[in-house]
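One-letter residues, chain by chain:
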Amino acid sequence: MAGEDGKAGVRKGLSIVVLAAGLVVLAIAAVVLWRYAGTGAGPAGGAVRIDAGDAALVALGRKVYAANCAACHGAGREGEPDWRSRKEDGTLPAPPHDESGHTWHHPDGMLFVITRSGGQAVAPAGYESGMPGFAGTLTDREISASIAFIKSHWPPEIRRRQEQITRQSQ
Ligand code: HEC
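Residues numbered from 1 in each chain as written. Predicted model: local features only at pLDDT ≥ 70, side-chain atom pairs only at ≥ 80, totals over all residues.

Undergrad: Sorry if this is basic, but what is going on with the site of the ligand here?
TA: Among the 24 residues in the neighbourhood of the ligand, the closest are listed as Cys-69, Cys-72, Ser-129, Gly-130 and Met-131. Looking at the shell around the ligand residue by residue, the classes come out as 13 nonpolar, 11 polar and no charged. (Near = placed C-beta within 6 Å. Nonpolar A, V, L, I, M, F, W, Y, C, P; charged D, E, K, R; others polar.)

Put into structure tokens, the structure is as follows:
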């Protein structure tokens, strides 16, 4: 009989551990969902895929880019001069979006989140990013389009590598 009680005790202990672990998972999920609510993208951009082979999307992106991104990132996606050195206010200049830049090192979802919510959304605490968010100005399709336009100019090898980075992030 005593053995039975012991087993029941262990079972009870175990179920408390399972319950506590479940609560921790739920709490983390809630924070993640709250932070990225409405983006359709997870922390690293989740399931977002942006098709640079979609001619209509790229054509829209060309217009969106010229009107909203070129002022900082350059009409030819060349970025600001000396883009790796901080400015006087401590922020970094706008980087190029061509293959010489850093943009292609990020998966599609991350590029989407940065453009939608701003650089601050993915930056560590205390980091100040000069990249504004476009959630209030552009629709999600326009945001995807601007990225599709950028991607469509990368050489095939860079496109292949960035596609792999996107696949690995999902
Ligand atoms: C007011 C200037 C400004 C405008 C306008 C702007 N950006 Fe940026 N963007 C920046 C700066 C500055 C950074 C670098 C931020 C950092 O490193 O903290 C950046 C970074 C980025 C990055 C991250 C690149 C990387 O390698 O991490 C992406 C993607 C991006 N911008 C896309 C866009 C798109 C798309 C548009 C237009 C819809 C746009 N930006 C408009 C200033 C701008």
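Still more to cover.
Undergrad: Teacher, can you tell me more about the nonpolar core here?
TA: Across soluble globular proteins, you tend to see nonpolar side chains buried next to one another. Of all hydrophobic cores here, the largest spans 21 residues; its most connected members are Ile-50, Phe-112, Ile-147, Ala-148 and Phe-149. Elements that contribute at least two residues to this core include exactly α2 (55-68), α4 (108-117) and α5 (140-152). Per-element tally for this core: the top contributor is α5, with six residues. (Core = buried A, V, L, I, M, F, W, Y, C linked by C-beta atoms within 7 Å. Buried ≥ 20, exposed ≤ 12 C-beta atoms within 10 Å, placed from the backbone. Helix = DSSP H or I, 4+ residues; strand = E, 2+ residues; numbered from the N terminus.)

Undergrad: Is there a simple way to explain unusual backbone geometry in this structure?
TA: Most of the time, phi is negative for any residue but glycine, and the peptide bond is trans. A positive phi angle, close to 60°, is found at Arg-77, a residue other than glycine. Relative to the helices and strands, Arg-77 resides in the loop between α3 (70-73) and α4. The phi dihedral of Asp-82 is positive, around 55°, even though this residue is not glycine. In this structure, Asp-82 sits in the loop between α3 and α4.

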